[in-house]
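So you can see what is in the structure, the chains are spelled out below.
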Amino acid sequence: MARRLTGRDALSFIGPLAFSDLGRKCESLLVQYGGAQYKEQFSWVDNIRMVRDGKTFGELNEKLVHQLNNRDTGKIHLAPPEVIDWETVSFLYPGQASRPDEAHPDLHEDGFFHPERWSIYNCLVAELAKTDALYILSAGQWFKIEKTFAAQILENTKTLVREIDHLPAAQAGEDEGTYNTNAANASKNLVLLDRDNKKAKGARTAIEPCDLFSNSCQFIHVKRKLRSSSLSHLFAQGVVSAETFLSDEKFRKDVKKAVEKKNPALAQLLGNPKDRPDPNQYEVVFAVIAPPTKEKWPQALPFFSQLNLDRTATRLKLLGFRVALHRIDERA
């Protein structure tokens, strides 16, 4: 009895399967492979192709090495090549002791090293623009992104950009928690909800409503870093929070209580927790702390982050929420 069947980027199947049924199962999977059902929700994948040509693969690697040698790392960073729990993981470079004060919350291109678990190449995330397309290296594999598709995603991202006056600039080296606290302390228009997690009815784990709630009915989620892995967590947080706020009375009640303790006036903006809120009255804001870069905003965002944000914004807008992207400048 087979319970797991895997293949090189062609097939991954988990479930009970008798050997005698393998043929019929393969026929069924082949029919599904030739189908077009995926286009209903994932039509965008047709614009992304894995690079399989050895010559192109080699040329891309040569260009990448050239950029690394010239310290041109504006579109290059390090990221774990697999899904990890960011809440429980930190990184150390060679020569550092296993002390909390020396641990890093993320990998950084300035600290290239030889990790025991992953190779440097598999941790590299890079974007190379060529005349025919945009090429992206992720988890040791190059992908070709259709030029027109990449351009359209960028245009979609630009429509989300907003300037939010009540969000101050960040100080250099200031972590997200410190920034959120300082921003809330400096403004009567913001309430700090960072790490003030609340549970929905029947839920096992609590979730963070947002980092800051504003007098403009904004659920503001803050992240430092222009990296796909970090921003994916940010976008997911925004969606989960918004969906839970919309659907769960207990969550709304607890969030309002948390806001009321710090600013009763702003708590009134959350309405009666017993009533389903009008999502159009609220805006989900993704605020990214970023130092000056050669790339303009939001071009500085990695392509996969732009794509993820575009999908996230579409989902939130279908729920009725307004969506915004804001850059928080980092001062020296």
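Residues numbered from 1 in each chain as written. Predicted model: local features only at pLDDT ≥ 70, side-chain atom pairs only at ≥ 80, totals over all residues. Heavy atoms only, no water.

A.B. asks: Give me helix H8 (residues 249–262): which residues, what numbers.
C.D. replies: Compared with an ideal rise of 1.5 Å per residue, which puts 14 residues at 20 Å, H8 spans 21 Å between its outermost C-alpha atoms and is within 8% of the ideal. Every buried residue belonging to H8 is among Phe-251, Arg-252, Asp-254, Val-255, Lys-256, Ala-258 and Val-259, and all of these are buried. Those residues of H8 that are buried are in contact with strand S9 (190–192), strand S10 (212–214), helix H7 (228–247) and helix H9 (264–267). Capping the start of H8, Asp-248 holds a side-chain oxygen 3.2 Å from the backbone nitrogen of Lys-250, two or three residues further along. (Helix = DSSP H or I, 4+ residues; strand = E, 2+ residues; numbered from the N terminus. Expected span 1.5 Å × (residues − 1). Buried < 20%, exposed > 50% of the residue type's maximum accessible area, 1.4 Å probe, protein only. Contact = heavy atoms within 4.5 Å. Polar contact = N/O pair within 3.5 Å; in protein donor to acceptor, adjacent residues only side chain to side chain.)

A.B. asks: Can you lay out the nonpolar core for me, pointing to particular residues and giving the numbers?
C.D. replies: Val-259 and Phe-286 are the most contacted members of the largest nonpolar core, which totals 37 residues. For this core, the elements supplying multiple residues, two or more each, are H7, H8, H9, strand S12 (283–290), helix H10 (303–319) and strand S13 (322–331). Beyond its immediate sequence surroundings of up to four residues, Phe-286 is in contact with His-221, Leu-234, Phe-235, Gly-238, Leu-309, Thr-312, Leu-316, Val-323, Ala-324, Leu-325 and His-326. Membership of the second largest hydrophobic core comes to 16 residues, among which are Leu-190, Leu-212, Ala-287 and Ile-289. (Core = buried A, V, L, I, M, F, W, Y, C linked by side-chain atoms within 4.5 Å.)

A.B. asks: Can you explain the packing of aromatic side chains? Please cite residues and give values.
C.D. replies: Within the structure shown, the criterion is met by seven aromatic pairs. Centroid distance Phe-149 to Phe-303: 6.0 Å. Interplanar angle 70 degrees. Geometry classified as edge-to-face. Placement of the pair is Phe-149 in helix H5 (residues 147–158) and Phe-303 in helix H10, with a sequence separation of 154 residues. Arranged with centres 5.7 Å apart and planes meeting at 40 degrees, the rings of Phe-219 and Tyr-282 form a pair that is tilted. With Phe-219 in strand S11 (residues 218–224) and Tyr-282 in the loop between H9 and S12, this pair connects stretches of sequence that are 63 residues apart. For Phe-219, a relative accessible area of 4% translates into the label buried. Tyr-282 gets classed as buried once you look at its relative accessible area, which sits at 2%. An aromatic cluster is present here, built from Phe-213, Phe-219, Phe-245 and Tyr-282 joined pairwise through their rings. In this structure, Lys-130 packs its charged tip against the face of Tyr-135, placed 5.7 Å from the ring centre. (Phe/Tyr/Trp six-rings, centres within 6.5 Å; stacked < 30°, edge-to-face > 60°. Lys NZ or Arg CZ within 6 Å of the ring centre and 35° of its normal.)

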